[in-house]
Structures are given as structure tokens and as C-alpha cells.
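Structural features, examined
Each chain, written out:
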Amino acid sequence: MRQPVLRTRILTAAILACLLLAGLFLLPAPLTVLGFGAVFTVGAWEWGAFGLRGVPARIGYAALTAVLLFLAWKWTAEPAHLTLLLGAACVWWGIAFLWLSLAPTRHLPGLVLVCGLAVLVPAFVALARLQIATRGFAHGPQIVLWLLLLVMASDIGAYFAGHRLGRLKLAPRVSPGKTWEGALGGLCMVALVAWGGAAYFELPTLAGVAFGCAVGIFSVIGDLTESMFKRAAGLKDSGALLPGHGGLLDRIDSVTAAAPLYALGLFSSGVIA
């Protein structure tokens, strides 16, 4: 990677990290939830490019998504509804994995748009409900940060292991640059972060590491799924909002799959509420 591009990526990442930490730990919870909603609405605008032509249609899709985010937020105030939505999202990601494995080149524009709702709405709800959690082994901001650290560990570990050791292609029809060696390197980094989190929060070590690795695997599925839809639409990036990184959706794709599983595990086990 050329030095100017690398510097741009690092600068953008540093700014995003500062904004993220400020949003998680300094803003009142309702404002942070509103911020999550704004992020996922922008993500919907970018997702619209996978199946829609023209600005008005993409604005309409983003507006519809924003309404569904609000309705899902209100509906999941009931714990049983939250568990149902998160469970359905995990089933969707299982279907996405099969899609990636068996037919990554088969797409219908209308179906792609429906899939965008299945990707974005549950992930928003997961993050928002985690952020306002007040009972359990930690408060909301710490819980959300641990999730994001797991996802970042997967990305960073995969990047360095893939560049140094990568030989076997992971999903050549979807993302030719990703390798099995990179995925395993990312999983090792996730296990390390999961172990550190379990120790910090005084959770059972084996369960914490296993859970973290499952979240890490889902994050890879999320990344590959967005890549599949971008490739079908003939796009390299979901947008150009973030210098050196592409679109906002390119930064949250892994989180969209990891967050529902992470939230489902924590809420359904009763360790947070």
C-alpha cells in the first residue's frame, strides 16, 4: 500500500476511533442510540446502490430503513421480542453463509434490498440495546466496546496474517484477496481479545473465548456477504464517505453480522439486561 494512502487510512481510522469512544462513553445513551441510527441509515443509502438506480430511489430506501430502525427499536423493548429478532438475524446469517458457499453469483435486485434490511435493522437493535444495558457484568458502553474490539481483532489479525502467510483463497468468487491463513490469523487474534475480555470482566475463560471466536467467525461472514453484494453490483467500495476506507458500510459490514449473535448470547444467557 502506498504511503499517502496508508497515512490517509490511519488518519481516518484515528478520527473514527475518537468519535466512537466519545459517542460510547461521553454522550447520553439516547444520543448514542440516535447516532447508531444515523450510521445505519447512511449504511442503507449505500446499500441502495446494490440494487437501485437514481438518488430518489436510494433516499426512499434509506428513509424506509430509518422508519424500520425506529419501529424495531420500540418493538424490542420487550425482551421476548428482542430475543426473537436477534435469533431471526442469526438464522439469516446462516442462510448468508450458505449463499456465499453455494451460489455467490446468483442475485435478484429486489432480494438484495430485502437482504439489506435483514442486515441493517437487527444490527442496529443489537448495538442500541447493548448500549443501554445497565445490569450485568458491565455497563453498556464497555459491552459494546468489547464487541468492537473482537471485530477489529478479526480484521487486523486477518490482514497481517494474510499478507505474510496467505496462500489458500477463502472465497475467490467473492473476495479474491482473503485467504484461509488470514482468517485463521484473525481468529487467533479474536481468541486473544476474548481471553483478555473474559479476564477483565471476570467471566469463565473457556466460555468467553469460545463465544468470542463464534462472534469473530460471524464477523467474517458479514464482511464476505457485503463483498458478495458489492461484486454483484460491480462496485469496489460501498461509497466514498471515508477517505482511504471507502463507504461507511465498508466499515460496519463485519459488525452487522457479529452484533446480533453477540447480543443474543449476552441477553439470552442473562449475564446482562
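First, a word on scope: everything that follows refers to the structure included in this document.

What counts and what doesn't
- Residues numbered from 1 in each chain as written.
- Predicted model: local features only at pLDDT ≥ 70, side-chain atom pairs only at ≥ 80, totals over all residues.
- Heavy atoms only, no water.
- Helix = DSSP H or I, 4+ residues; strand = E, 2+ residues; numbered from the N terminus.
- Rg over C-alpha atoms; globule rule 2.2 N^0.38 Å.
- Buried < 20%, exposed > 50% of the residue type's maximum accessible area, 1.4 Å probe, protein only.
- Contact = heavy atoms within 4.5 Å.
- Pairing = 2+ DSSP bridges.
- Disulfide = S-S within 2.5 Å.
- Axes fitted to C-alpha atoms, helices over the stretch in contact; angles between N-to-C directions.
- Parallel < 35°, antiparallel > 145°, perpendicular 65-115°, else oblique.
- Left-handed = near helix turned anticlockwise from the far one by under 90°.
- Nonpolar A, V, L, I, M, F, W, Y, C, P; charged D, E, K, R; others polar.

**Comments concerning the overall build of the protein**
A count of helical and extended segments in the protein gives nine helices and two strands. Its helices and strands taken in sequence order, the protein reads α-α-α-α-α-α-β-β-α-α-α from the N to the C terminus. The C-alpha radius of gyration of the protein comes to 18 Å, within 12% of the 19 Å expected for a compact globule of 273 residues. Counting only C-alpha atoms and orienting by the principal axes, one finds that the protein spans roughly 45 × 45 × 40 Å. Out of the 273 residues belonging to the protein, those deemed buried represent 44%. Considering only contacts within the protein whose residues lie at least 6 apart along the sequence, 72% involve residues at least 24 apart.

**Quick word on the side chain of Lys230**
Mapped onto the secondary structure, Lys230 falls in helix α8 (residues 205–233). Leave out the neighbours within four places in its chain, and Lys230 touches Phe50, Leu235, Lys236, Asp237, Ser238 and Asp250.

**Quick word on the environment of Thr179**
Looking at the secondary structure, you find Thr179 in strand β2 (residues 175–179). Judged by relative accessible area, Thr179 falls into the buried class, the value being 7%. Taking the C-alpha atoms as reference points, Thr179 and Ala161, 18 residues apart in sequence, are found 9.0 Å from one another. For Thr179, the residues in contact, after removing those within four places along its chain, are Gly162, Gly166, Arg167, Leu168, Lys169 and Leu170.

**Digging into unusual backbone geometry**
Although it is not a glycine, Glu202 sits at a positive phi angle of roughly 60 degrees. In this structure, Glu202 sits in the loop between α7 (180–201) and α8. On the basis of relative accessibility, which here comes to 71%, the residue Glu202 falls in the exposed class.

**Focus: the pairing of β2**
Direction of pairing for strand β1 (residues 169–171) relative to β2: antiparallel, over a ladder of two bridges. Bridged to Ala171 within β2 is Ser175. Counting the residues that bridge the hairpin from β1 to β2 gives three residues.

**Brief notes about the state of the cysteines**
Overall, the coordinates contain zero disulfides when judged by the stated rule. The thiol sulfur of Cys90 is not disulfide-bonded, and the nearest other cysteine sulfur, from Cys115, lies at 16 Å.

**Details of the packing of helix α2 (residues 29–48) against helix α5 (residues 109–131)**
In the contact formed by α2 and α5, the axes pass within 10 Å of each other and the chain directions differ by 165 degrees. On the basis of the axis angle, α2 is roughly antiparallel to α5. In this structure, the crossing between α2 and α5 has a hand that is right-handed. Facing Thr32, Val33, Phe36, Gly37, Phe40, Gly43, Ala44, Trp47 and Gly48 of α2, the residues of α5 in contact are Val112, Leu113, Cys115, Gly116, Val119, Leu120, Ala123, Phe124, Leu127, Ala128 and Gln131. For the contact of α2 with α5, the class distribution of residues is 14 nonpolar, six polar and no charged.

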